[in-house]
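Structure assessment
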Amino acid sequence: MKQSDAAEPPQPPQPPPFQRRIQIGWLQVLGVGLLLLIPLAALTGLLGLHEREAQAEGGGLALSVRYPARMHHKTTEVLEVQVRNAGTQALEGVTVRVDGGYLAQFGDTRFMPQVQRLNADGAELDLGALPPGESRRIVARLEAEGYGGHKGRIVAQARGGEPAALDIATFVLP
């Protein structure tokens, strides 16, 4: 017997041979694909602020609204309403009403000029008499609170006249 053989400790057995490979399931491929879409959407502007403008006419009034179509939670954006007398005669008792269901989705809503009547139906502002060709502007600052899509209606109407109405929608992202 050799002395070198006696000095070596016993070795564990070798592992059995196996083929090494990476296994990726279809669910993991789908998840990685979806994760890659998030920065792509952000780079193309799909996740950022987006504003829209809409116009309507009725009863001698031209109603124009610029509103946030897409915004983020807890950010503040501007809703701008412009009412113009498109007729040839002065219009008396012009009012603008913003839907209450829409406004309920926003916190810390501030109007300029101030709202005269506020209830569950909405916020109503009296603009008074409107001479031909003149316009009035209403600005509201909206702070997004509720996530998801919010729809509402803005109506401008002179006393005894037909209303000019617009439907608006804002999507609030996290």
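As a starting point, this report considers the structure included with it. Keep in mind it's a predicted model, so treat the numbers as computed, not measured.

Reading the values: rules and limits
- Sequence order as written defines the numbering, with residues in each chain counted from 1.
- Restriction of local features to residues with pLDDT of at least 70 applies here, the model being predicted, together with a cutoff of 80 or more for giving and counting side-chain atom pairs; totals for whole chains, interfaces and linings are based on all residues.
- Calculation of side-chain values draws on the structure's entire complement of heavy atoms; hydrogens and water are dropped beforehand.
- Labels follow the DSSP assignment, with helices taken as runs of H or I lasting at least four residues and strands as runs of E lasting at least two, numbered in each case from the N terminus.
- C-alpha atoms define the radius of gyration, and 2.2 Å times the number of residues to the power 0.38 defines the globule rule.
- In plain words, nonpolar cores are sets of buried Ala, Val, Leu, Ile, Met, Phe, Trp, Tyr and Cys residues tied together by side-chain atoms within 4.5 Å.
- Three labels apply to residues, based on accessible area from a 1.4 Å probe with only protein chains included: buried if under 20% of the type maximum, exposed if over 50%, partly exposed otherwise in between.
- Here, two residues are considered to be in contact whenever any of their heavy atoms come within 4.5 Å of each other.
- The pairing criterion for strands is at least two bridges between them, as found by DSSP.
- A side-chain nitrogen of Lys or Arg and a carboxyl oxygen of Asp or Glu constitute a salt bridge if their distance falls within 4 Å.

On to the overall build of the protein chain, then. From N to C terminus, the protein chain includes three helices and 10 strands. When the helices and strands of the protein chain are placed in sequence order, the string is α-α-β-β-β-β-α-β-β-β-β-β-β. Its C-alpha atoms give the protein chain a radius of gyration of 32 Å, more than 25% over the compact-globule value 16 Å for 174 residues. If one aligns the C-alpha atoms of the protein chain with their principal axes, the spans along those axes are about 125 × 25 × 20 Å.

What follows concerns the environment of Leu 37. By the secondary structure assignment, Leu 37 is in helix H2 (residues 26–43). Expressed as a C-alpha distance, the spacing of Leu 37 and Leu 130, which sit 93 residues apart in the sequence, is 50 Å.

Among the nonpolar cores identified, the biggest contains 34 residues, and Leu 63, Val 65, Leu 79, Val 81, Val 83 and Ile 154 are the most heavily contacted of them. Per-element accounting of this core gives the leading share, six residues, to strand S2 (residues 61–72). Here Ile 154 is in contact with Leu 63, Val 65, Leu 79, Val 81, Val 96, Arg 97, Val 98, Ala 164, Ala 165, Leu 166 and Ile 168, once residues within four sequence places are set aside.

Let us look at the pairing of strand S4 (residues 91–99). Where S4 meets strand S7 (residues 122–130), seven bridges bridge the pair, whose relative direction is antiparallel. Its bridge partner lying in S7, Leu 91 is registered against Leu 130. For S4 and strand S9 (residues 148–157), the ladder comprises four bridges, and the chain directions are antiparallel. Paired with Arg 97 across the strands is Val 155, a residue of S9.

Another point: the pattern of salt bridges. Oppositely charged side chains can pair when the atoms bearing their charge come close. As enumerated under the stated definition, the model contains nine salt bridges in all. One salt bridge connects Arg 66 with Glu 51, and the closest N-O pair in it is separated by 3.1 Å. Of this pair, Arg 66 sits in strand S2 while Glu 51 sits in strand S1 (residues 50–58), and the two are 15 residues apart along the sequence. Assessed through its relative accessible area of 26%, Arg 66 is described here as partly exposed. Glu 51 gets classed as partly exposed once you look at its relative accessible area, which sits at 34%. With a shortest N-O distance of 3.8 Å, Lys 74 and Glu 143 are connected by a salt bridge.

A separate point is unusual backbone geometry. Omega for the peptide link from Met 112 to Pro 113 comes to 0°, which places this bond in the cis form. Of note in this structure, Lys 74 is not a glycine but carries a positive phi near 65°. For Asp 108, which is not glycine, the phi torsion reads 50° and is therefore positive. Here Asp 108 lies in strand S5 (residues 106–112). The class for Asp 108 is partly exposed, based on a relative accessible area of 44%.

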